[in-house]
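Each chain, written out:
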Amino acid sequence: MLSLSILFPQTSLMSQKPDSIKLLLPGKERGLSVMGTLHARASVKEWSSQKLNLQDISDLLWAANGINRPDEGKKTASSSTNAQDIDIYAFMEEGIWLYDAKGHTLIPQAAGDHRDLPGLTEAPVNLVLITDISRYRYGTDDERIGWARINCGIVSQNISLFCAGTGIKTRPRASCPGAEKIRELLKLTANQHILLNHPVGYAKL
């Protein structure tokens, strides 16, 4: 399995954005049964610093909110009015990427290690879930935020179940101490709201 660290020339990370990452096809046969996954699901607070490999990242993001019905452009996570308002940003040592479900690709957003902003852990990846409520066709801002929280919860559960079923560890967290810095770094608009984050990694031995 490829480690993500192979993909990045370390000397260039401080001066420019990392490259896009074309993800691998999801391994749809891996993992426990549905009931076995529910039995195994648990939140953790400690992780190994070992990096996830590219297949793990690819499967994790597809399970979280990837496209499972290409003809319709619909995803593994349902969303109110099919707004598809939840974006996933992957914070890793080498930089921050936005998951593009249509292309099953990670799009670079910023270079450098910003994993401390959602809350420092040893986890090699932190998935930050951000809604863009402008994608709703109607509703007040308060109504849209309410729908977005439901949609975010569905994506969060997908992450948790994928991790439980594959032996990877995670924990959903609403706290985000560096939220304002994240907003600035990612140039978020007034319609974009940080809702949850998921540190993800292997179990600490």
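Details of the structure are given in the entry above.
The following paragraphs examine the structure supplied in this document. (Residues numbered from 1 in each chain as written. Predicted model: local features only at pLDDT ≥ 70, side-chain atom pairs only at ≥ 80, totals over all residues. Heavy atoms only, no water.)

For the structure on display, the rule yields eight salt bridges. Among the ionic pairs, Asp87 bridges to Arg135, the shortest N-O distance being 2.8 Å. Of this pair, Asp87 sits in strand β4 (residues 86-92) while Arg135 sits in the loop between β7 (125-132) and α3 (141-166), and the two are 48 residues apart along the sequence. When its relative accessible area of 33% is taken as the criterion, Arg135 is described as partly exposed. A single network of salt bridges, built from pairs that share partners, joins Arg30, Asp56 and Asp59. (Salt bridge = Lys/Arg side-chain N within 4 Å of Asp/Glu carboxyl O. Helix = DSSP H or I, 4+ residues; strand = E, 2+ residues; numbered from the N terminus. Buried < 20%, exposed > 50% of the residue type's maximum accessible area, 1.4 Å probe, protein only.)

Attention now goes to the nonpolar core. Counting 38 residues, the largest nonpolar core has Leu106, Leu127 and Ile159 as the members making the most contacts within it. When residues of this core are traced back to their parent elements, those giving at least two are α2 (54-65), β4, β5 (95-100), β7, α3 and β9 (192-201). If we skip the residues at most four places from it in the chain, Leu106 touches Ser20, Ile21, Leu23, Ile57, Leu61, Ala90, Met92, Trp97, Leu98 and Tyr99. Counting residues in hydrophobic clusters, the runner-up holds eleven residues, among them Leu117, Val128, Cys176 and Ile182. (Core = buried A, V, L, I, M, F, W, Y, C linked by side-chain atoms within 4.5 Å. Contact = heavy atoms within 4.5 Å.)

Moving on, we come to the state of the cysteines. All chains considered together, the criterion is met by zero disulfides. Unpaired in terms of disulfides, Cys152 finds its nearest cysteine sulfur in Cys176, a separation of 12 Å. Looking at Cys152, the relative accessible area reads 2%, which means it is buried. Cys163 carries a free sulfur, and the closest cysteine sulfur to it, the one in Cys152, is 15 Å from it. (Disulfide = S-S within 2.5 Å.)

Before going further, it helps to examine α2. Its twelve residues place the ends of α2 17 Å apart at the C-alpha level, agreeing with the 16 Å of an ideal helix rising 1.5 Å per residue. When you tally the buried positions in α2, you get twelve out of twelve residues, the bulk of the element. Of all the positions in α2, only Leu54, Gln55, Asp56, Ile57, Ser58, Asp59, Leu60, Leu61, Trp62, Ala63, Ala64 and Asn65 are classed as buried. (Expected span 1.5 Å × (residues − 1).)

Right, let's talk about the packing of aromatic side chains for a bit. Each aromatic ring pair is summarised here by two numbers: the centre-to-centre distance and the angle between the ring planes. Scanning the model with the defined rule gives two aromatic pairs in all. Centroid distance Tyr136 to Trp147: 5.4 Å. Interplanar angle 50°. Geometry classified as tilted. Residue Tyr136 is found in the loop between β7 and α3, and its partner Trp147 is found in helix α3; the two are separated by eleven residues along the sequence. The class of Trp147 is partly exposed, set by a relative accessible area of 23%. Judged by centre distance (5.8 Å) and plane angle (75°), the rings of Tyr138 and Trp147 are edge-to-face. On the basis of relative accessibility, which here comes to 47%, the residue Tyr138 falls in the partly exposed class. Linked through ring pairs, Tyr136, Tyr138 and Trp147 together constitute an aromatic cluster. (Phe/Tyr/Trp six-rings, centres within 6.5 Å; stacked < 30°, edge-to-face > 60°.)

Moving on, we come to the pairing of β5. Across four bridges, β4 lies against β5 in antiparallel orientation. Residue pairing in the sheet places Ala90 in a bridge with Trp97 of β5. Between the antiparallel neighbours β4 and β5 lie two residues. Inspection of the sheet shows β5 paired to strand β6 (residues 105-111) by six bridges, in the antiparallel sense. Residue pairing in the sheet places Asp100 in a bridge with Thr105 of β6. (Pairing = 2+ DSSP bridges.)

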